[in-house]
Amino acid sequence: MSTQYNQLSPEMKARFIEKRDVPQCLLSLMATSLGIGIICLTSIFGSGDETVYYALFFVGLAVSIYGLARAAFGCKTLRDEATGSRLEKRDIYFSASDKQAIMNALNNGQWDGIGGENPSSGTSPLRLCAWFTRNGQYASAMLMEYVPYEYVPVTQVREIPDDIRERFINFVNRR
């Protein structure tokens, strides 16, 4: 089970299943093959320069290990059991001053006035975890707050009602 599946509420776990994403697995296995190919070519043809030989060997090793790790652990996706739709997950970061606005938006669906920060700007104190299907049949969100060393939930996972789901998905996709 991935950490994404473990974050789901019991109701969501009953609705969604975790499956392998076959195209992603194939790409990961192609990366593994490429890395092994680089190692083999380096070993077969060698090089007069030891630096080039070792550099190519370690590049091939790194690419093959990355491909294997991604195939083993990174190719899982959540799917809606009823429709087969893929569940997308996004994390949006906010400053502490946006907390009340986000709580209000979770309750009444007014997402227009809320900003959001660049995730690379450092550790933002608030994170909105959003799950949704692209076809708009499902959306939910959970607000988390950073306390030293980890994010802890501020709210439970809340399913977004039908009447404001489209606005919520548009808000998440703009980020």
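Residues numbered from 1 in each chain as written. Predicted model: local features only at pLDDT ≥ 70, side-chain atom pairs only at ≥ 80, totals over all residues. Heavy atoms only, no water.

Peer 1: Help me out: how do you make sense of the overall build of the protein in this one?
Peer 2: In terms of helices and strands, the protein carries six helices and seven strands. A total of 175 residues make up the protein; the buried ones form 35% of that total. Residue pairs at least 24 apart in sequence account for 64% of intrachain contacts in the protein once pairs closer than 6 positions are excluded. For the protein, the accessible area works out to roughly 10300 Å², and carbon and sulfur atoms hold 56% of it. (Helix = DSSP H or I, 4+ residues; strand = E, 2+ residues; numbered from the N terminus. Buried < 20%, exposed > 50% of the residue type's maximum accessible area, 1.4 Å probe, protein only. Contact = heavy atoms within 4.5 Å. Areas by Shrake-Rupley, 256 points an atom, 1.4 Å probe, with all protein chains shown as cover.)

Peer 1: Would you explain the nonpolar core in this entry?
Peer 2: Most often, soluble globular proteins keep nonpolar side chains buried together rather than apart. Grouped together as the largest cluster of nonpolar side chains are 21 residues, with contacts concentrated most on Phe94, Ile102, Trp111, Leu128, Phe168 and Phe171. Elements that contribute at least two residues to this core include exactly β3 (86-94), α5 (99-108), β4 (126-133), β5 (139-147) and α6 (162-174). By residue number, the principal contributor to this core is α6, which donates five residues. Core analysis: the next-biggest nonpolar cluster, separate from the first, contains twelve residues, Tyr93, Cys129, Met144 and Tyr151 among them. (Core = buried A, V, L, I, M, F, W, Y, C linked by side-chain atoms within 4.5 Å.)

Peer 1: Help me understand the confidence of the model for the protein, please; the structure alone is not making it clear to me.
Peer 2: Do not read the fine detail of predicted coordinates wherever pLDDT is low. Looking at the protein, pLDDT values average 81 and 88% of them are 70 or higher. Considering each helix and strand of the protein separately, the mean pLDDT is smallest for helix α1 (residues 3-6), with a value of 63, and largest for helix α4 (residues 50-73), with 90. (pLDDT = per-residue confidence, 0-100.)

Peer 1: Can you walk me through the pattern of salt bridges in this structure?
Peer 2: Any two side chains of opposite charge can pair, on the condition that their charged atoms come close. Considering all chains together, one arrives at four salt bridges under this definition. For glutamate 145, the salt bridge goes to lysine 99, with nearest N and O atoms at 3.1 Å. Note that glutamate 145 is positioned in strand β5 and lysine 99 in helix α5, a separation of 46 residues in sequence. Look at glutamate 145 and you get partly exposed, because its relative accessible area is 27%. Look at lysine 99 and you get partly exposed, because its relative accessible area is 28%. (Salt bridge = Lys/Arg side-chain N within 4 Å of Asp/Glu carboxyl O.)

Peer 1: Help me understand the packing of aromatic side chains in this model?
Peer 2: Here a ring pair, both rings aromatic, is described through the centre-centre distance and the interplanar angle of the planes. Within this structure, the stated rule accounts for four aromatic pairs. Ring geometry for tyrosine 146 and tyrosine 151: centres 5.2 Å apart, planes at 65 degrees, overall edge-to-face. Residue tyrosine 146 is classed as partly exposed on the basis of its relative accessible area of 33%. For tyrosine 151, a relative accessible area of 18% translates into the label buried. Here a set of aromatic residues connected by ring pairs shows up, and it is made of Tyr93, Tyr146 and Tyr151. Sitting over the face of the ring of tyrosine 151, arginine 127 holds its NZ or CZ atom 4.7 Å from the ring centroid. (Phe/Tyr/Trp six-rings, centres within 6.5 Å; stacked < 30°, edge-to-face > 60°. Lys NZ or Arg CZ within 6 Å of the ring centre and 35° of its normal.)

Peer 1: What's the story with helix α3 (residues 22-45) in this structure? I'm lost.
Peer 2: An α-helical turn contains 3.6 residues, so a residue and the one three or four places further along point in the same direction. With 24 residues, α3 extends 34 Å from end C-alpha to end C-alpha; this agrees with the ideal 34 Å at 1.5 Å per step. Packing partners of the buried residues in α3 comprise β1 (16-20) and α4. Glycine 46 occupies a position one or two residues after α3 and carries a positive phi of about 60 degrees. (Expected span 1.5 Å × (residues − 1).)

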